[in-house]
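# Working through the structure, step by step
Given next are the chains, with one letter for each unit.
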Amino acid sequence: MVEHFTLSRKIFIGFNYIFLALLSVLCILPLVHVLAVSFSSSSAAAAGYVKLWPVEFTLESYKYVLGKEEFFESILMTIKRVAVGLTVNMVLTILVAYPLSKEVNKFRGRTIYAWVFVFTMLFNGGLIPLYMMVKYTGILDSVWALVLPSAVPIFNMILLLNFFRGLPKELEEAAFMDGAGHWTTLWKVYVPLSAPALATITLFTMVFHWNSWFDGLIFMNTPENYPLQSYLQTVVIQQNFNNASLETIAELSKISDRTFKSAQIFLGSLPILLVYPFLQRFFMKGIVLGSVKE
């Protein structure tokens, strides 16, 4: 069946396409500018000549960044953190969201537990108690110090909780009638139907762990254990040339602060930019389309 649009409807759709296209361009232009600066010479970047295309093309900034052994060590640490953190966060988020999505008559005390979690979003003990807790549990200077303090992302848990609530109750009842328990129902029914929500939460979690830098500075005693963003923060913000060799100073003279920062920003964003297109398609899918038949 061919749908016929009125003239006003066509104008409205055309305006939406133009508006969204312009909005997309506005989102892409800053990244293009950063990429252009990273490939430009230090003098051109410092003079403000670089817009959307490199001026006096050079790879010196990338050579300096990629030539550092500490850079690759920090990448490995970040990959380890993302892998461990994503696994812990997703498992605990699912296990917490499922019981809290039930009605009060099925899970007494659900409201109290829910408010306990929400309370932690609004109030916390502060940095010093957090550091003391990590120190005296013996996980300081390890990947667990970066993962366990944020093991249950409350915002992600609330998103998944509300998603579970929107699933048809008939699916759970049918599973119980077939002899399934809560554990089987969760992993065989709820989780497969929650692909859009889980993909969104997965992306949020990956971005969080990849971009985190402050906890790495606090909980890691040795620079060798810094995750990528913590390492880049120390290089860019806390530059110290007192102990730098003449060779290092000569290398730094070929680049500027802007080109170096732009190179590390782009390298730090590249993995997320590569992962996002594979997860974005789940955002557009229906939640339980066709799962319940009348």
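As the structure is a prediction and not an experimental result, all values here were calculated from the model.

## Remarks on the overall build of the chain
For the chain, the helix and strand inventory stands at 15 helices and 0 strands. A burial count over the chain gives 36% of its 294 residues as buried. Nonlocal contacts in the chain, meaning residues at least 24 apart in sequence, comprise 71% of its contacts between residues at least 6 apart. Of the roughly 18300 Å² of accessible surface on the chain, a fraction of 68% belongs to carbon and sulfur atoms.

## Observations regarding the layout of surface pockets
What the second largest pocket holds in volume is close to 420 Å³. Residue lining of the second largest pocket: 17 residues in total, with L130, P149, S150, D215 and F219 positioned closest to the centre. Among the secondary structure elements, those contributing two or more residues to the lining of the second largest pocket are α6 (127-136), α7 (143-147) and α12 (214-219). Of the residues contributing to the lining of the second largest pocket, the split by class is 11 nonpolar, 5 polar and 1 charged.

## Here we look at the pattern of salt bridges
Within this structure, the stated rule accounts for 3 salt bridges. A salt bridge links E172 to K102; the shortest N-O distance between them is 2.3 Å. Pair noted here: E172 is in helix α9 (residues 169-177) and K102 is in the loop between α4 (69-100) and α5 (110-122), with a separation of 70 residues, a long-range link. E172 is the salt-bridge partner of K106, the closest N and O atoms lying 3.9 Å from each other. Of the two residues, K106 is situated in the loop between α4 and α5 and E172 in helix α9; the sequence distance between them amounts to 66 residues. Using a relative accessible area of 3% as the deciding quantity, one classes E172 as buried. Through salt bridges that share partners, K102, K106 and E172 make up one connected network.

## Looking at the packing of α4 against α5
Packing of α4 against α5 leaves a shortest axis separation of 10 Å and a crossing angle of 140 degrees. When the axis of α4 is compared with that of α5, the two are oblique. Here α4 contributes V96, P99 and L100 to the contact with α5, which in turn contributes R110, Y113, A114 and F117. Its residues placed into classes, the contact of α4 with α5 shows 6 nonpolar, no polar and 1 charged.

## Focus on the environment of D215
Following the sequence through the fold, D215 ends up in helix α12. Setting aside residues no more than four positions away along its own chain, D215 makes contact with R81, L146 and M220.

## A short note on the confidence of the model for the chain
Looking at the chain, the pLDDT average stands at 82 and 85% of residues meet or exceed 70. The lowest-confidence element of the chain is helix α14 (residues 246-253), averaging 55 in pLDDT; the highest-confidence one is α7, averaging 93.

## Quick word on the packing of aromatic side chains
Scanning the model with the defined rule gives 10 aromatic pairs in all. Here the aromatic rings of Y98 and Y190 are separated by 5.2 Å at their centres, their planes lie at 85 degrees, and the arrangement is edge-to-face. Placement of the pair is Y98 in helix α4 and Y190 in helix α10 (residues 182-193), with a sequence separation of 92 residues. Take Y98 and Y190: they sit in the same class, and that class is buried.

## Description of the side chain of S38
Summarising the element assignment, S38 is placed in helix α1 (residues 7-38). At 2.7 Å, the side chain of S38 and the side chain of Y62 are in polar contact. Apart from the residues lying within four places of it in its own chain, the contact partners of S38 are T58, S61, Y62, T259, S262 and A263.

## As for the side chain of S230
Considering the arrangement of structural elements, one finds S230 in helix α13 (residues 228-236). Among the polar contacts made by the side chain of S230, one reaches the main-chain carbonyl oxygen of W213 at a distance of 2.6 Å. Not counting the four nearest positions on each side in its chain, S230 is found in contact with S212, W213, G216 and L217.

## What about the nonpolar core?
If you look at the biggest cluster of nonpolar residues, it comprises 48 residues, and the most contacted ones within it are F71, M157, L160, F164, L186 and Y190. Residue contributions to this core peak at 12 residues, all from α4. Look past the residues within four positions of F164 in its chain and what remains in contact with it is I94, A97, Y98, S101, L186, Y190 and S194. Counting 5 residues, the second-largest nonpolar core is a separate cluster that includes A36, V37, A44 and V50.

## So, a nonpolar patch on the surface
A cluster of nonpolar side chains, namely F15, F19, L20, L23, V25, L26, I28, L29, V32 and L52, defines an oily patch on the protein surface of about 910 Å² accessible area. With respect to the secondary-structure elements, I28 resides in helix α1.

Conventions adopted
- Residues numbered from 1 in each chain as written.
- Predicted model: local features only at pLDDT ≥ 70, side-chain atom pairs only at ≥ 80, totals over all residues.
- Heavy atoms only, no water.
- Helix = DSSP H or I, 4+ residues; strand = E, 2+ residues; numbered from the N terminus.
- Buried < 20%, exposed > 50% of the residue type's maximum accessible area, 1.4 Å probe, protein only.
- Contact = heavy atoms within 4.5 Å.
- Areas by Shrake-Rupley, 256 points an atom, 1.4 Å probe, with all protein chains shown as cover.
- 1 Å grid on protein atoms, 1.4 Å probe; cavity = no way out; pocket = protein on both sides within 12 Å on 5 of 7 lines; lining within 4 Å.
- Points joined across faces, edges and corners; volume = space filled by probe spheres on them.
- Nonpolar A, V, L, I, M, F, W, Y, C, P; charged D, E, K, R; others polar.
- Salt bridge = Lys/Arg side-chain N within 4 Å of Asp/Glu carboxyl O.
- Axes fitted to C-alpha atoms, helices over the stretch in contact; angles between N-to-C directions.
- Parallel < 35°, antiparallel > 145°, perpendicular 65-115°, else oblique.
- pLDDT = per-residue confidence, 0-100.
- Phe/Tyr/Trp six-rings, centres within 6.5 Å; stacked < 30°, edge-to-face > 60°.
- Polar contact = N/O pair within 3.5 Å; in protein donor to acceptor, adjacent residues only side chain to side chain.
- Core = buried A, V, L, I, M, F, W, Y, C linked by side-chain atoms within 4.5 Å.
- Patch = residues over 30% accessible without salt bridge, like charges linked within 9 Å, V, L, I, M, F, W, Y side chains within 5 Å.

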